[in-house]
Amino acid sequence: MEALDRVVKPKTKRAKRFLEKREPKLKENTKNAMLIKGGNANITVTEVLKDIYAVKKPFAVLYRKKNITRPFEDQTSLEFFSKKSDCSLFLFGSHNKKRPNNLVIGRMFDYHVLDMIELGVEKFVSLKDVKNSKCPEGTKPMLIFAGDMFEVNEEYRRLKSLLIDFFRGPTVPSIRLAGLECVLHFTAVEGKIYMRSYKVLLKKSGCKIPRIELEEMGPSLDLVMRRTHLASDDLYKLSLKQPKALKPKKKKNISHDVFGTTYGRIHMQKQDLSKLQTRKMKGLKKRPAEKAAEDGGVSPKKSKSA
């Protein structure tokens, strides 16, 4: 036990930089995904993994060799690959008679499987089959989800969260209009999930705002949900916990109404309004008789100088 618990310090600067990249941060790095081919994967599953890898690049690792593993029975190999390649997302492809054209999409928390969902591929159109132009590598896609099942059903709601995690790409402070090139559309209807990918074309419209057209570019998938392995509510809540440094500090004595107007409360000492200096005006100026009455006597007349 002592040998396992021992912390090995890096001996070179390169090893030190490597370990620093994997240390916990306030703002985590972009999540990487590993795409693993099972021991009995067929051509369809292999092409699906290649196309998803093309969409996810450069934040993905594709394992080209076959790996004999079953994620729902034994998860140790997935956790080993996750730690080795520093990937918190995975897509595993396999094929057999009971579950043909099978995909398992999931994510990790602290290098352990958090949740995963098994999907079956019923129809697949590859990137090669669509002869239209493609988006460049590393394009951040726009994600659209259609269907009430993504909001009503807990499994579909978790699948939506998983797909957002998988395809969202890096977090950027701003986006230019020309950078909105790729759209991934997911539709849940009648127990099936339809994935379509489009390229955004900006056309002339005669005004400042361009006319938008969508051109299908692939890949295109018709999926059906099979088995699920979802994390418990406590573990899922723990995985969403944010550090205190990232939480916005609450400002005192500030409130907002329903229209978004900000109100602030200022605390001041009690003021003596009798000594308040106001604007001087001739009409409000007191006469000598009024001043004398206030003083309680008649003011003496000025003596004439001889």
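Note that the structure is predicted; figures quoted are calculated from it, not measured.

Reading the values: the criteria
- Residues numbered from 1 in each chain as written.
- Predicted model: local features only at pLDDT ≥ 70, side-chain atom pairs only at ≥ 80, totals over all residues.
- Heavy atoms only, no water.
- UniProt positions renumbered as here; feature names shortened; annotations may be inferred.
- Helix = DSSP H or I, 4+ residues; strand = E, 2+ residues; numbered from the N terminus.
- Axes fitted to C-alpha atoms, helices over the stretch in contact; angles between N-to-C directions.
- Contact = heavy atoms within 4.5 Å.
- Nonpolar A, V, L, I, M, F, W, Y, C, P; charged D, E, K, R; others polar.
- Phe/Tyr/Trp six-rings, centres within 6.5 Å; stacked < 30°, edge-to-face > 60°.
- Buried < 20%, exposed > 50% of the residue type's maximum accessible area, 1.4 Å probe, protein only.
- Pairing = 2+ DSSP bridges.
- Core = buried A, V, L, I, M, F, W, Y, C linked by side-chain atoms within 4.5 Å.

1. Things to note about the UniProt feature "domain: Brix" (unreviewed entry) in the chain
In this numbering, the UniProt entry assigns the feature "domain: Brix" (unreviewed entry) to residues 31–234. From the first C-alpha to the last, residues 31–234 spans 22 Å; its make-up is 22% helix and 41% strand.

2. A few points about the packing of helix H3 (residues 43–56) against helix H6 (residues 154–167)
Two elements in contact, H3 and H6, have axes whose closest approach is 10 Å; the angle formed by their N-to-C orientations is 65 degrees. Taken together, the residues of H6 that come into contact with H3 (itself represented by Ile-52, Val-55 and Lys-56) are Asp-165, Phe-166 and Phe-167. Taken together, the residues of the contact of H3 with H6 break down into four nonpolar, no polar and two charged.

3. Let's talk about the packing of aromatic side chains
Taken as a whole and judged by the stated rule, the model has seven aromatic pairs. On the numbers, 6.2 Å between centres and 70 degrees between planes, the contact of Phe-150 with Tyr-156 is edge-to-face. Both residues of the pair, Phe-150 and Tyr-156, belong to the buried class. Aromatic side chains Phe-167 and Phe-186 sit 6.0 Å apart centroid to centroid with 40 degrees between the ring planes, which places their arrangement in the tilted category.

4. Description of the pairing of strand S10 (residues 220–229)
One ladder, built from eight bridges, connects strand S5 (residues 112–125) with S10; its direction is antiparallel. Residue pairing in the sheet places Leu-119 in a bridge with Met-225 of S10. Pairing of strand S8 (residues 192–203) with S10 involves four bridges; the strand directions are antiparallel. Across the sheet, Ile-193 pairs through a bridge with Leu-223, a residue of S10.

5. Focus on the environment of Gly-106
Looking at where Gly-106 falls in the secondary structure, it is placed in strand S4 (residues 102–109). Taking the relative accessible area as the measure of exposure, Gly-106 reaches 0% and is therefore buried. Separated by 57 residues in the primary sequence, Gly-106 and Leu-163 place their C-alpha atoms 9.1 Å from one another.

6. Concerning the nonpolar core
If you look at the biggest cluster of nonpolar residues, it comprises 34 residues, and the most contacted ones within it are Ile-52, Leu-91, Ile-105, Leu-119, Phe-166 and Phe-167. By residue number, the principal contributor to this core is H6, which donates six residues. Leaving out residues up to four positions away in the same chain, Leu-119 has contacts with Asn-101, Asn-102, Leu-103, Ile-105, Leu-159, Ile-193, Leu-223, Val-224, Met-225 and Arg-226. Counting residues in hydrophobic clusters, the runner-up holds twelve residues, among them Leu-78, Phe-90, Val-104 and Met-108.

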